[in-house]
Amino acid sequence: MSKPFNTIGIIGKRDDTGVSKTVAQLVAHLSDSQREIAIIIDRESAAQLPDWSGRVCSREEMGQHTDLIVVVGGDGTLLDAGRVAGPFETPLLGVNLGRLGFMVDVLPADMTSTLDEVFAGNYVNEQRLLLSTHIERANGEVEKLGPFHALNEVVVRNRDFARVLAFDTYMDGDFISHHRADGIIVATPTGSTAYALSGGGPVLHPTLEALALVPICPHTLSDRPLVIDAKHRIEIVVDDALNTQALFTADGQMNESLAAGDRVVIQRADRSLTLIHPRGYNYFNILRNKLHWGRGQKSYTDQP
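Residues numbered from 1 in each chain as written. Predicted model: local features only at pLDDT ≥ 70, side-chain atom pairs only at ≥ 80, totals over all residues. Heavy atoms only, no water.

Enquirer: When you look at the overall build of the chain in this model, what are you seeing that I'm missing?
Expert: For the chain, the count of helices and strands is 7 helices and 19 strands. Whereas a compact globule of 304 residues would reach a radius of gyration of roughly 19 Å, the chain reaches 21 Å, a difference of no more than 12%. Here the C-alpha coordinates of the chain stretch approximately 65 × 50 × 35 Å along the principal axes. Going through the 304 residues of the chain one by one, you find that 49% of them count as buried. A fraction of 65% describes how many contacts in the chain between residues 6 or more apart in sequence connect residues 24 or more apart. The positive charge centre, built from 28 side chains, and the negative charge centre, built from 38, are 4 Å apart in the chain. (Helix = DSSP H or I, 4+ residues; strand = E, 2+ residues; numbered from the N terminus. Rg over C-alpha atoms; globule rule 2.2 N^0.38 Å. Buried < 20%, exposed > 50% of the residue type's maximum accessible area, 1.4 Å probe, protein only. Contact = heavy atoms within 4.5 Å. Lys, Arg positive; Asp, Glu negative; His and termini not counted. Charge placed at Lys NZ, Arg CZ, Asp CG, Glu CD.)

Enquirer: Help me understand the environment of Phe161 in this model?
Expert: Here Phe161 shows up in the loop between β9 (153-158) and β10 (165-171). Phe161 sits in the exposed class, given a relative accessible area of 64%. For the pair Phe161 and Asp182, spaced 21 residues apart in the sequence, the C-alpha separation amounts to 7.2 Å.

Enquirer: Explain the sheet that holds strand β17 (residues 254-259) to me, please; I cannot follow it from the model alone.
Expert: Taken in spatial order, the 6 strands line up as β14-β13-β12-β9-β16-β17 in an open sheet, and their pairing is antiparallel. Only two strands of the sheet have a single neighbouring strand rather than two, namely β14 (226-229) and β17. On average, each strand axis in the sheet is inclined to that of its neighbour by 15°, with strand direction left out of account. One ladder, built from 4 bridges, connects strand β13 (residues 210-216) with β14; its direction is antiparallel. Within β14, the residue paired with Leu211 across the bridge is Ile228. (Pairing = 2+ DSSP bridges. Axes fitted to C-alpha atoms, helices over the stretch in contact; angles between N-to-C directions.)

Enquirer: How should I be thinking about the packing of helix α1 (residues 20-31) against helix α5 (residues 111-119) in this particular structure?
Expert: Between two packed helices, the angle of one axis relative to the other and the distance separating the axes together describe the packing. Look at α1 against α5: their axes get within 10 Å of each other, and the N-to-C directions meet at 40°. One finds that α1 runs oblique with respect to α5. The two elements α1 and α5 meet at a crossing, and its hand is right-handed. Mapping the contact onto sequence places Thr22, Gln25, Leu26, His29 and Leu30 in α1 and Met111, Thr112, Leu115, Asp116 and Phe119 in α5. (Parallel < 35°, antiparallel > 145°, perpendicular 65-115°, else oblique. Left-handed = near helix turned anticlockwise from the far one by under 90°.)

Enquirer: Any chance you could explain the pattern of salt bridges here in plain terms?
Expert: Where side chains of opposite charge bring their charged atoms close, a pairing between them can arise. Counted under the stated rule, the structure contains 13 salt bridges. Among the salt bridges present, the one from Asp80 reaches Arg83, with a minimum N-O distance of 3.5 Å. Here Arg83 and Asp80 lie together in helix α4 (residues 75-85), a separation of 3 residues that amounts to about one turn. You'll find Asp80 and Arg83 in the same group, each marked buried. With a closest N to O distance of 2.5 Å, Arg263 and Glu235 form a salt bridge. Taken together, the residues span a long stretch of sequence, with Arg263 in strand β18 (residues 263-268) and Glu235 in strand β15 (residues 234-238) at a distance of 28 residues. Relative accessible area serves as the criterion here: at 27%, Arg263 is assigned to the partly exposed category. Salt bridges linked by common partners bring Arg14, Asp42, Glu44, Arg59, Asp80, Arg83 and Asp251 together as one network. (Salt bridge = Lys/Arg side-chain N within 4 Å of Asp/Glu carboxyl O.)

Enquirer: Any chance you could explain the pairing of strand β19 (residues 273-278) here in plain terms?
Expert: On a regular strand, each side chain points to the face opposite its neighbour's, so the side chains alternate between the two faces of the sheet. Burial of β19 is extensive: 5 of the 6 residues sit out of reach of the surface. The pairing of strand β6 (residues 123-128) with β19 spans 6 bridges and is classified as antiparallel. What sits directly across from Arg128, in β19, is Leu273.

Enquirer: Looking at this model, I keep getting lost on the layout of surface pockets. Mind explaining?
Expert: Reported here for the largest pocket is a volume of approximately 570 Å³. Gly74, Asp75, Gly76, Thr77 and Leu79 are, among the 29 residues lining the largest pocket, the residues nearest its centre. When contributions to the lining of the largest pocket are tallied by element, the ones reaching two or more residues are α4 and α7 (283-291). For the lining of the largest pocket, the leading source of residues is α4, giving 6 residues. Grouping the amino acids of the lining of the largest pocket by side-chain chemistry returns 10 nonpolar, 11 polar and 8 charged. (1 Å grid on protein atoms, 1.4 Å probe; cavity = no way out; pocket = protein on both sides within 12 Å on 5 of 7 lines; lining within 4 Å. Points joined across faces, edges and corners; volume = space filled by probe spheres on them. Nonpolar A, V, L, I, M, F, W, Y, C, P; charged D, E, K, R; others polar.)

Here's what the structure looks like:
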């Protein structure tokens, strides 16, 4: 039996007044519903609704107080929401006001009808792997920095795009390789269709318990992407060459500077992120529509 969604959180795209109309429509539909639904809006989105006098909270608190979070924006907004919802196992439903929409797959025109279906228990529940990362400083000033959570990927790259970064990779303490490249991407199956795909990495089906290690513009052509089981711990150690300056990023939204000898430790998070999709959701249909697979050939639908 599906878990009831009695308290709904709403998170809108940051610094975008254009989403307020959709958020207002969403609030109106939930308020007029026959169901007794409590609504909480993130503080930034609520500030764009002058008539809203209900509950508000920070994004960081949202997962703790809600049964379902509706994300209004693009994939970047969902990534932002996913990091705060994941630790509380609060599911996310994405309304697509962005450009691509790999994860936010509900069109605004279908928003209210989709929510009614979700409340009736007609939806697809999908688990997505999360990463948890910490940084160990070589100088010992900070024992550990983090954890940083990521739904798409963790990236270590050179701060200076005109220079190659030297670094070593390890799996569970075993040395993998020494690399000279612009950097490296450690991607989840969700992130395999993002930065990692642009870097030449493989597409991983979201149900896989796997990670892709994708070098960015490697100095040697033999330095190829590597797929490993997600149970393993990955470490990236910045080479101790003179004047090495690198940058760590998580989902392209959190970043920390790295110095020579710093160690980035990447593991699967203790909990996964739950995404809610409309009934009839099909991952391969998303790939065909977003990546234009088979363009100019036979037209396929969700139906067999």
